[in-house]
Structures are given as structure tokens and as C-alpha cells.
Amino acid sequence: MDLAVVVVYEILYTIAFLALISAGLAVVFGMMRVVNLAHGEFILLGGYTAIVAHNNLGINLFVSMLVIAPVVVAVFGVVIERLIVRFLYGRLINTMLATWGLSLAMIGSFSLIFGTTTTSVKAPIGSISVGAFNISGYNIFIIASAIGVIALIFAILRFTRAGLVARGAMQNADMATAFGYDASRIYMATFAAGAALAGLAGGILAPLVGIGPNAGSLYIAKAFITVISGGASVVSGLITSSGFFGFVTQIVTFLTNSVIGELGLLVAAIILLRLLPTGISGRFFKNRL
Amino acid sequence: MARDGVVEARGVGVRFGGVSALESVDFTLADNELRCLIGPNGAGKSTFFKCLTGMLRPTEGDIRIRGIDCVGAHPHQIAGLGVGIKTQVPSVMNGLSVRENIWIAARRLNTTRSANRIVSETLERIGIADSAGDLVGNLAHGRRQLVEFGTVLAGNPWLILLDEPAAGLTADEAERAVAVIREMNERAAIIVVEHDMHFIRQLANTVTVLHRGRILTEGYVDTVLRDPVVRDVYLGKSQ
Amino acid sequence: MTSRQLVLSVVIAAIVMFVLPVFFDVLNLTTYAAYALLALSLGFVWGYGGILCFGQTAFYGLGAYVYAMTAINLGEAWGGFFLAILIPAIFAAILGAMMFYGRLSDVYLAVVTLVVTLLLFRFMNTTAGPEYVIGEARMGGYNGIPGFPTLHTPGNPDANIYDEELYYFTFIILFVCYLLTRWLLGSPFGRVLVGLRENEQRIELLGYDVRARKTAAFAFGGGLAGLAGCLYANAAEIVTPELFSLGLAAEAIIWVIVGGTGTLIGPMIGAAVLGHLKFVLGLQSIKQVFGKENPLEATLVFGMILVLFVLFLPRGVVPSIQGWFGRSLVGRFKSGSGMRRRTRSERARNGA
């Protein structure tokens, strides 16, 4: 019984983890058809920001994680959008290549500034015991955050005017322009929102995982797979795909070990894309949020 | 094989979700026939065309080309039977020269040597020899249409399917296209999907009118176009 | 290629081959030649087949591993040499068939190839334990496989090919592969392949089986990359999971972008020049400035190179030069007949 609770808890955590690291990428890909390969480094930037704000500037950890990290990364995202991404809209492959370059440049910069060693911050919540098992209490916070993030994205897209305009512009940029909205600003804001979500993920995960210059590739690989497999619908794609992969990974991990679990995720992704070439939401949730 | 025509379609239907784009279409094309498929926008012309070319799999019915079952076949398999296909938007290889475009078409069934010969002949036939070395992407729209005719022609097909060959052509170019199609008709049966009435009058003797996914009528072009029902369909009065 | 062009390219290649060792270290040059072969394979698959493979290094690394493990088991090199071409080619054919028959589009193709590379990277890193062994060859996990027999005169495993000999051997293999690829591109198969890059639907409507052709092209590219991995393994005398790393996958893309897609010579030059740049950057540590260990500064430079090229020179260096240079030659070639006489500018524009 205790074991079952732990396994379910671990599955939920893995799903939440995937949803969290993929949310920013999902917004940017789903809304703008842009794949930001520097997404992993955006997450790292959020992590570094939270750690520096807390350890060096003495700011409260939750403020550092939940406010400062997303804001800093959003500002960085705006700069990148203006300098690089906006010249490449509609050219998916070129955007991927340019952001891959950005990713490498950021890895190099991180190691210049912070060194190649892993930095971290102490988790604010200790462990909880379930019967004979000890589980991390911080993971509950992560699961809650993931739910919060998805609810936030859904609410903004569904209920706010900005969300409506953004959805309209993504469907038909010319039309939005004709209605008097500035498509370029909408793109910029969307990219910034994606960056903020990446920063938030980095901030929240900083206490849990070590932040080092090379860690981004781990996030980007998983986020990339989750988003692409989820397909173009931001919310439903994100939920179904992180749910599916989180489940597969954790079950395989439970049966073998965590490395095989990760391999399980990658293999599942390849099979899934073979069966559903347009992703889960492209097949089952077409034209929904 | 029974002499029941080059193309034999029975009860072809296509449904997208709940919408019926095509319903129980029966269609027969005889050897060396030139047939125009006409109808207003949304009549199902292009849908039927896509079924014939293998780009779309009909949800029901049966399509045979020279007696061979073609439902579910890939476009390359249908083309491989000796069917020349020209799509609505000029589908050419923009980054290659006119000569190379046609060479690739000619080489499929021929040796390099005879492919080279076919290319020269084809360039003459469609009257585009003067720009043989030009990149197709740099040509005007009408010239690119001609290049696509050339690629169709170079495969020496016995059945040719053309989707809106006159779209975007100037009057002169359309006349040239009519001549090219007439000439192709000497060796091949042809189906032309078109809604430009002027072009159809120049071209055809038999037409099939599609309306709302069904065949409305079939017959000689002048008779059909004088038919009040057809006129109403085109002017949008009917029903 | 006409016989005159063939003679000319042999002469140029020979001059380059003998002049380079005057200025550069032969071991470095051997590595660059292996890089160049990897770049050639990606340049072929991407630039001519229009298949954007983000994980060409999967076949490269696979070639290196296959070679190392076969060499250990056989105690000689040549079986491994050929398997290092064959197995990556078969692997590419299977992967390619899966992707092309599944009609995956560009992005998804990029994802799948990248994921496969990552998969191999993770897997190879976990094989440290003694249970991961094929024949007598332990896979070694993150430490890789050192100490396998290197290339030698056929029939005599003791007569090793090393240093200068290995450089000449690698260079000649590179040149032969280049000629082979050019020949393939000039053949009907190659021309249809280029047509396919331009317009897949047209080629299909002309009756060619697009999926089979793409798969074949991908397999050919995989074989070349595998051979490149084998040559690299001989130069480095160790294979590690780093061969499958995201960083190297990116580098291969950068070589091709910088050199120029749509040419064969461009990616090869790109690989050699950037390979040397990386070597130089590795020497010029700027740790004095920041007071820290900085093995990653090459990454910073390479990343910026990639961004700048995508933004400002997406065609790459070689096609751009051909474009500027070729405009004056168009007149000379235009009246010519036959497929072979494509003008330089035409080829350059194709690369855009």
C-alpha cells in the first residue's frame, strides 16, 4: 500500500516535472510554430538567477524562484526575440538552427561566468515519510506548481482579451493586423511569456537539481519530445503528452532503473511520432486549446 | 479485359468528418477521349481529381485505371502506370533549370541517351526551348505552367489528368495551352478539371458537370452549357 | 564530371594533401579529414537530399564504436573497417525507412534524428559495467573503448598505418568518397534526388517512389558518416560516448551551414577550418581573464558563429563566393547543351 502511494506520487512528480519544463516551449511552439532550442538554457538562466538572487543577494527563496527568475528570463527573451527570432518567423528550420546556436553560446557564457561546476540551493521543504518510505516534500510543491502553470496558461488563453488576440493572431496574422493589432508585438509578448515560463521552471527546479552549464541539454531533449509529441494544441497537448511520457518513464524506472527509464521515454517518443506524425493533439484535439 | 474505358469510377464518395465532399460518382473515360470536369467552387472537382491521382483515398467506391484497382494506391504508383498528372498550383522544381525539370520526367522510363532526346523534342513541342537553361523559379507563372506540361508530356503518358491548367494564364498562353492539350490528346486520354468557361469552350467536346459532390449532367459542351439547370448552378440561382 | 575535371580535381587534391602537412600537425589534419568526411555525408543528405538530419553524428559514433569493437574481437582492422560502413548504413536505412514511410515532416525528422543520437549517448554512457560486452570488447561506459587495433597493411596486423601514413590514407579516402558522392549526384539517381529536394510532390507525380529514394540517400549518408567515425577512431585511438553528444551534433550542422549547403566542397572546408578553429581556441585559454577553468569557450564562439550565419549568410561561404564569382561566367555556360553544364551561379542559387 505504501509502495503504491510512493509509485503514484513519483509518477505524478515526473509528469509535473515534464509539464513544467515543457510549458514555455509549448506556448512558443503551439502559438508561434517556433521551436526554441535554447529553451534548456533559458531554464538554466532561471535557475542561476534564482540561486544568485537567494545566495548572493539574500532575497527570499520563494520570491527569487517565483518572481525574479521568470522576470529576468522574460526580459532576456524579449531581447533575443528582437535581436534574432523575429527575423526568422515562418522559417522553422532556420529558427531551430539559430536558437541552437544561441543555446551553445549560452552554455559557453554560463561556464565563463559561473564556472563548470554545479551550483545549487537548499530545498525549502524537507522530506515526508509515508510508512516505511521517505519522499521529498518539495516534490509536492513541484506538482502544485505544474498544475498552477497549466491552469494559468489555460485561463489566459481562454478568458483574457490578450489571450484571445494572441490566439487570433496565431491563426491569421494578417487578419489580426487588419483589426488593428500589432502582430509583431504579439509575437514578442508570446515569446516573452514562453521565456518567463522557462525561467519559472528553472527557478522552481533549482533547489532540486544541480544547475550547471551543460544541464540544459537534458531539459531541452525532454521538453522538445514532450512538446512535439503533444502537437500544436498548447494545453491539451501539454497535459496528454507529459502525462503519457511521465507515466511511461516512471513505470519503466520502477521496473528497472532511472537510466533505462529515460531511454524508455525516448523510445516511446519515437514510436509515438511514428504512429501519430502530428502529435497527440494533432490527432485527437485538433483546433482546441 | 473488357473494353470499359481508361478510367472507370463506380460509386466514389469522400467524406471529411460529417461533410460529404463527393457522393456516389460514376464516371467513365473512353480511350483517347478528352473530357472536361466542370462545376462551381466546392462542387467536388478537385476532390475527385485527388482521388484519381491517389492523393486522397475515397471513403467508398471503386476506381479502376485500365482495369487496375487504384483505390489506396500511392501517387507514384498511379503515375507509374503511365499517367501524367498536373496539379492546380504549378508544381515544378524551382531550383532546377527547365531542361533538368523535363529530363527528370523523361528519365524515369528511358535511358539517359533517349531521355536527352526526349527533352529536346519536348522543349520544342511546348515552345520553351529558348529558356531551356533558365531556372524555373525565375520564370513567369505562365511559363512555369508550360514547364509542368513539359514534365507531364515527357513521360509519354497514355492518360493525362490536368487540374485547372488555365489558371493564371494570359489569353495567349491559354491558347497555347489549348494547342498543347489538343496535341497531347492525339496520344492520350485526358481529363481536365477547369472552371474557366471560355477555356472549356475552346477545348472540349464532352463535359461532365459536378455540383455539390454529385454528377449533375454529362454531354456535349454546347448542349450542356445551354442547359438552364447548369446555367443556374453557375449563376447560383438553383435551390 | 568530365575526365578533364577529374584530372584537375585529382591534381588539386594532391597539392592540398602534400602542402597542408607543411603548416599543420598531421594528427590534427587526420582528425580534420575525418570531420570533413562527416560533413560531406551531412552535406549530401541535407544539401542535396533535403533531409535535415540533426543527428548525423549517430552514424558517425556508431561507425567508430563498430570499428573499435570489431577490431578488438578480430585482432585486425579491416573487418571492422568495412563493418563501420555497413552497419551505420543499415541502421540509417532502417531509421530512414521508418521516418520517410511514416511521412514525418521536417521538424519531426529533426527531432527523431536528434533523439536517436541522445539515446545512443545515454546508452553508451551507461555501459560501464562488465555485463556490457560484445565478444571480447567491453563497451566501457563514459570511459569509452581505448586500445583497439588500428589500421594496418592488409594481411599484416603488425604493420600499423599511423602518423603521416594515416593522414595520407584518411585524406585519400576522403577524396575518393567525395568523387563517389559527386558521381552519385551526377547519376540519374542523384538528379532525381535533387529534384525531390526541390519538389517532392512533383517527383512523386512523375512516378518516382520518393520514400524509397530518400531512404537510399539517407543510408548512403549514414555509410559515409560511419566511415568517418572509423577514421576518427583510428586517429584518436579511443572512442567515447562524446561522439554522440549534442555538442558534436551541433558542430556538424555548423560546419555544413558555414561551408554552405548545396555544395560538397563547402561542408568539407567548413569542417576542416572550424575543426582547426576549435583546436586553436582550446589552446588559447582565457582563464586568466576570469580566473576559472574554461574548457567551453569554443562552445561560445561556435554558438555565435551559428547564429550569425543563420541570420546573415544562411547560404554559407562557398555558395556565396560562387554566386559573386559565377555571375560573370553565366554567359559562357548558358549556350551549352546537356545536363552536365550547369552554371556555377545556378548551383549556387540552388544552395540558397
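Below is a summary of the structure that appears in this document. (Residues numbered from 1 in each chain as written. Chains lettered and ligands numbered in written order. Predicted model: local features only at pLDDT ≥ 70, side-chain atom pairs only at ≥ 80, totals over all residues.)

What follows is about the overall build of chain A. Counting its regular elements, chain A contains twelve helices and two strands. Ordering the α and β elements of chain A from the N terminus gives α-α-α-α-β-β-α-α-α-α-α-α-α-α. Compactness check: chain A gives a C-alpha radius of gyration of 19 Å against a globular reference of 19 Å for 289 residues, within 12% of the reference. Expressed as lengths along the three principal axes of its C-alpha atoms, the size of chain A is roughly 65 × 45 × 35 Å. Within chain A, the fraction of its 289 residues that count as buried is 51%. Nonlocal contacts in chain A, meaning residues at least 24 apart in sequence, comprise 77% of its contacts between residues at least 6 apart. (Helix = DSSP H or I, 4+ residues; strand = E, 2+ residues; numbered from the N terminus. Rg over C-alpha atoms; globule rule 2.2 N^0.38 Å. Buried ≥ 20, exposed ≤ 12 C-beta atoms within 10 Å, placed from the backbone. Contact = placed C-beta atoms within 7 Å.)

This part is about the overall build of chain B. When you go through chain B residue by residue, the secondary structure sums to nine helices and ten strands. Its C-alpha atoms give chain B a radius of gyration of 18 Å, within 12% of the compact-globule value 18 Å for 239 residues. For chain B, the C-alpha atoms occupy an extent of roughly 55 × 40 × 35 Å along the three principal directions. Every one of the 239 residues in chain B was classed for burial, and the buried ones make up 48%. Within chain B, contacts between residues at least 6 apart in sequence are counted, and of these 63% link residues at least 24 apart.

Contacts between the two partners involve 26 residues from chain B, matched on the other side by 22 residues from chain C. Looking at the side of chain B that touches chain C, the elements that each hand over two or more residues are helix H2 (75-80), helix H3 (98-107) and helix H4 (112-125) of chain B. In terms of residues, the side of chain B that touches chain C owes the most to one element, H3 of chain B, which gives six residues. Taken together, the residues of the side of chain B that touches chain C sort by class into ten nonpolar, twelve polar and four charged. (Nonpolar A, V, L, I, M, F, W, Y, C, P; charged D, E, K, R; others polar.)

This next bit is on helix H6 (residues 163-186) of chain C. Residues and elements named next belong to chain C. Helix length check: H6, at 24 residues, gives a terminal C-alpha distance of 35 Å against a target of 34 Å (1.5 Å per residue), a fit within 8%. Taken residue by residue, H6 has Leu 166, Tyr 167, Thr 170, Phe 171, Leu 174, Phe 175, Cys 177, Tyr 178 and Thr 181 as its buried positions. On the buried face of H6, the contacting elements are helix H1 (3-23), helix H2 (26-48) and helix H9 (210-236). (Expected span 1.5 Å × (residues − 1).)

What follows deals with the sheet that holds strand S7 (residues 159-163) of chain B. Residue and element names in this part refer to chain B. Judged by pairing direction, the sheet is mixed, and its six strands sit side by side in the order S6-S7-S8-S3-S9-S10 without closing on themselves. One side of each edge strand has no neighbouring strand; the edge strands of this open sheet are strand S6 (83-86) and strand S10 (214-220). Strand-to-strand twist across the sheet, computed as the mean angle between neighbouring axes with direction ignored, equals 15 degrees. Helix-sheet contacts for helix H1 (residues 45-53) involve strand S3 (34-38), S6, S7, strand S8 (189-193) and strand S9 (206-211), and the interaxial angle to S7 is about 145 degrees. Across the face of the sheet, helix H5 (residues 141-154) comes into contact with S6 and S7 while running at roughly 170 degrees to S6. (Pairing = 2+ DSSP bridges. Axes fitted to C-alpha atoms, helices over the stretch in contact; angles between N-to-C directions.)

Listed as interface residues are 37 residues of chain A and, on the opposing side, 38 residues of chain C. For the side of chain A that touches chain C, the elements supplying multiple residues, two or more each, are helix H4 (92-114), helix H9 (216-230) and helix H11 (258-275) of chain A. The element that contributes the greatest number of residues to the side of chain A that touches chain C is H4 of chain A, accounting for 17 residues. Its residues assigned to classes, the side of chain A that touches chain C comprises 26 nonpolar, nine polar and two charged.

What follows covers the nonpolar core. Counting residues in each nonpolar core, the largest one holds 282 residues, and the members touching the most others are Leu 20 of chain A together with Ala 36, Leu 37, Leu 38 and Ala 39 of chain C. It is helix H1 (residues 2-32) of chain A that contributes the most residues to this core, 17 residues altogether. Apart from the residues within four sequence positions on either side, Leu 38 of chain C is in contact with Gln 56, Tyr 60, Ala 225, Ala 228, Ala 252 and Ala 271 of chain C. (Core = buried A, V, L, I, M, F, W, Y, C linked by C-beta atoms within 7 Å.)

Residue and element names in this part refer to chain A. Across the interface, helix H2 (residues 39-56) lies against H4 with an axial gap of 9 Å and an inter-helix angle of 25 degrees. With respect to H4, the element H2 is oriented roughly parallel. Along this stretch, H2 crosses H4, giving a crossing that reads as left-handed. For the pair formed by H2 and H4, the contact residues are Gly 40, Glu 41, Leu 44 and Tyr 48 on the first element and Ser 103, Met 106, Ile 107, Phe 110 and Phe 114 on the second. Class assignment for the residues of the contact of H2 with H4 results in six nonpolar, two polar and one charged. (Parallel < 35°, antiparallel > 145°, perpendicular 65-115°, else oblique. Left-handed = near helix turned anticlockwise from the far one by under 90°.)

All names here are of chain B. Every second residue of S6 is oriented toward a common face, with Val 83 and Ile 85 on one face and Gly 84 and Lys 86 on the other, all of them buried. Across four bridges, S6 lies against S7 in parallel orientation. Its bridge partner lying in S7, Lys 86 is registered against Leu 162.

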